[in-house]
Amino acid sequence: MSLLSATLESTADGILVVSAEGRISSVNNKFLAMWGIPRELVDAGDDEAVIGSVMGQLVDPETFVEKVTALYADPDAESHDVLDFRDGRTFERYSRPQKVEDRVVGRVWSFRDVTQARRDQDQINRAMADLAAQASQLKRLAFQDPLTGLSNRQLFNDRLAHALAGPCGTAVDVLLLDLDDFKEVNDVHGHHAGDQMLIEVGRRLRACVRPSDVVARLGGDEFVVLLVGSLDADAAAERIVESLGVPFWLDGTMLRPSLSLGLASIGEGADDASELLRRADIAMYAAKAAGKNRYLRFRPEMMAALLERTDLEAGLRTAVDGGGITVHYQPIVSARLGTVVKVEALARWERDGILVPPQQFIPTAERSGLIVDIGAEVLHRCCTELGPWLAQDPTRSLAINVSGVQLQQGNFPELLFATACSRGVDPHQLVVEVTESVFFDDDCLVHRQLVQLRSAGVRVALDDFGTGYSSLGRLQDLPVDTLKIDQSFVAMIRTGDERLPILNSMIDMAHGLGLTVTAEGVETPEQAGYLMRRGCDSLQGFLFSRPQPAAELPAALSASTRTITALRGDTAAQTQPVL
Ligand code: C2E
Ligand code: CA
Ligand code: CA
């Protein structure tokens, strides 16, 4: 007996033995310690008090009773479960029948305190759950644009590939969109406003499509929408353009997003992702070129326009390298002196023996940056060709057109000085013609270079004055010497007797600021007469001469002088009182 009870005491479990009649027959000390039951209670045979103490400690005593009842109804049954205590402890409970030679004589209950193990397990479970959450967060970030919360390029590519691999005949549409003039929002309102605008655009895009459609930000101000199985992609595109046009307020400023959208759909030769995206891109480019704030669906003709542009650019590149850029000269006559005092150099592109006018190639040259090389070539050529003419008379000058792109380079004055010097041309005899747009970006660089040129004696003329955003008010702040009145104002003069207050005040205002005035595009004697009477200093136009190659220049100069002499005679006669 004592051996047996010593064995019982040496186990790590709390043991309770109950007789077949349901009476407590023995317990070990561990059991008493675990349950906090005084030994006297057991020794006194007060089973109700023991049970009461047990029940009072459990979180769920009813289930406990149910289980016990079920086990007593089935004396052979074994069971294993877990008990939760009100004080946070957890016990494992085993129950087995007590047998003597196959006869059930009672039941042994053993309890093991697994609180710590349970806590450890809980901790492990929690750590695992945290890890899983983090992993899914990381996964989300890898496919999400952090600013807008939209999908990113990678997820879009995955989804597009998946959509294209889907069942044949499913509609797949790619809507590529780019915000118009987003750079301005950033520059004028700051990057915070720019970010808010991107977030708002993302929100509106999401609201325009079904939850299953992918809306991704590809970077910067470029977004893409993927529609799979859509019945009407054009309607979705239209909805997007409309929805973005609604203004929104940010810190008291009204912002109005506008976008250019290119739409391309599966089929008609577009069956892989790169072709679809390329077409959407071409259509988006066409939407921008067509005036922005619109959507256009890809059409094959758009490809032709693109090819034409690339072809033009390639041809121009070859021309720049192979001497295909030439210069024509147009005389500018002085109304006061009655002679040609200046000529303007105008670039020409000789392509396959045909002259391409600058309006056709200058914009492409500016966009591609080729204008820098073209400008250098024109400068070099005209200084070479007109060097001797300029050397004959220091009052003669040569005007060259300079694009804003050239001035952005920052080294234009050095280039001009070096070229003039190498051809023996005095910088005092050079005039640089720029349009007002070069002053737009408030870039000190452009301003500084013009000031530098002027301090070396080069004069600056403001070309095409009166077009675009010209403002007379700003004139006094600009480093210019001459105002060139745009042809469109000269064209308003028909009979020479009309009243043209804007033209008049341009001339007066320029004179008031100490600038000289040149009128461009003078085609008729009436126009010349009007301008001379209004005190215009110089005249330029087909009336005197068309732009001519250097070889024809002497003849052009004589013809121009003859014309102005005749006009001056007429004007003098008109202004002289008739006796
Ligand atoms: P622009 O500087 O305003 O040049 C005057 C343009 O008016 C020339 O056109 C000239 O041929 C044209 N023109 C002159 N008189 C008359 C006239 O009486 N009636 C009419 N209808 N037109 C007249 P062009 O040579 O085709 O040049 C067009 C524009 O291309 C120039 O306008 C200038 O902005 C640009 N350009 C020409 N050469 C160069 C260059 O070397 N560099 C840069 N950056 N631009 C250039
Ligand atoms: Ca010009
Ligand atoms: Ca002009």
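Caption draft 1: Structural detail: the environment of Ser545. Counting through the fold element by element, Ser545 comes out in the loop between strand E21 (538-539) and strand E22 (548-549). On the basis of relative accessibility, which here comes to 7%, the residue Ser545 falls in the buried class. Note: C-alpha distance between Ser545 and Asp158 (387 residues apart in sequence) is 64 Å. Beyond its immediate stretch of four places on either side in the chain, Ser545 contacts Gln330, Pro331, Ala556 and Ser560.

Caption draft 2: Region of the structure containing the environment of Glu433. Tracing the backbone through its elements, the reader meets Glu433 in strand E17 (residues 430-435). What makes Glu433 buried here is its relative accessible area of 2%. Once the C-alpha coordinates of Glu433 and Gln527 are considered, the two residues, 94 residues apart in sequence, prove to be 23 Å apart. Setting aside anything within four residues of it in sequence, one finds Glu433 in contact with Glu344, Ala399, Ile400, Asn401, Val402, Ala461, Asp463 and Lys484. A distance of 2.7 Å separates a polar atom in the side chain of Glu433 from a polar atom in the side chain of Lys484.

Caption draft 3: Representation of the pattern of salt bridges. For the structure shown, the criterion picks out 29 salt bridges. Between Glu344 and Lys484 there is a salt bridge, and its shortest N-O distance comes to 2.9 Å. Taken as a pair, Glu344 in strand E14 (residues 340-351) and Lys484 in strand E19 (residues 482-485) lie far apart in primary sequence, 140 residues in all. We classify Glu344 as buried; its relative accessible area is 3%. Judged by relative accessible area, which is 1%, Lys484 ranks as buried. Glu433 is paired through a salt bridge with Lys484; the nearest N and O atoms lie 2.7 Å apart. Separated by 51 residues along the polypeptide, Glu433 in strand E17 and Lys484 in strand E19 bring together distant segments of the chain.

Basis of the calculations
- Residues numbered from 1 in each chain as written.
- Chains lettered and ligands numbered in written order.
- Predicted model: local features only at pLDDT ≥ 70, side-chain atom pairs only at ≥ 80, totals over all residues.
- Heavy atoms only, no water.
- Helix = DSSP H or I, 4+ residues; strand = E, 2+ residues; numbered from the N terminus.
- Buried < 20%, exposed > 50% of the residue type's maximum accessible area, 1.4 Å probe, protein only.
- Contact = heavy atoms within 4.5 Å.
- Polar contact = N/O pair within 3.5 Å; in protein donor to acceptor, adjacent residues only side chain to side chain.
- Salt bridge = Lys/Arg side-chain N within 4 Å of Asp/Glu carboxyl O.

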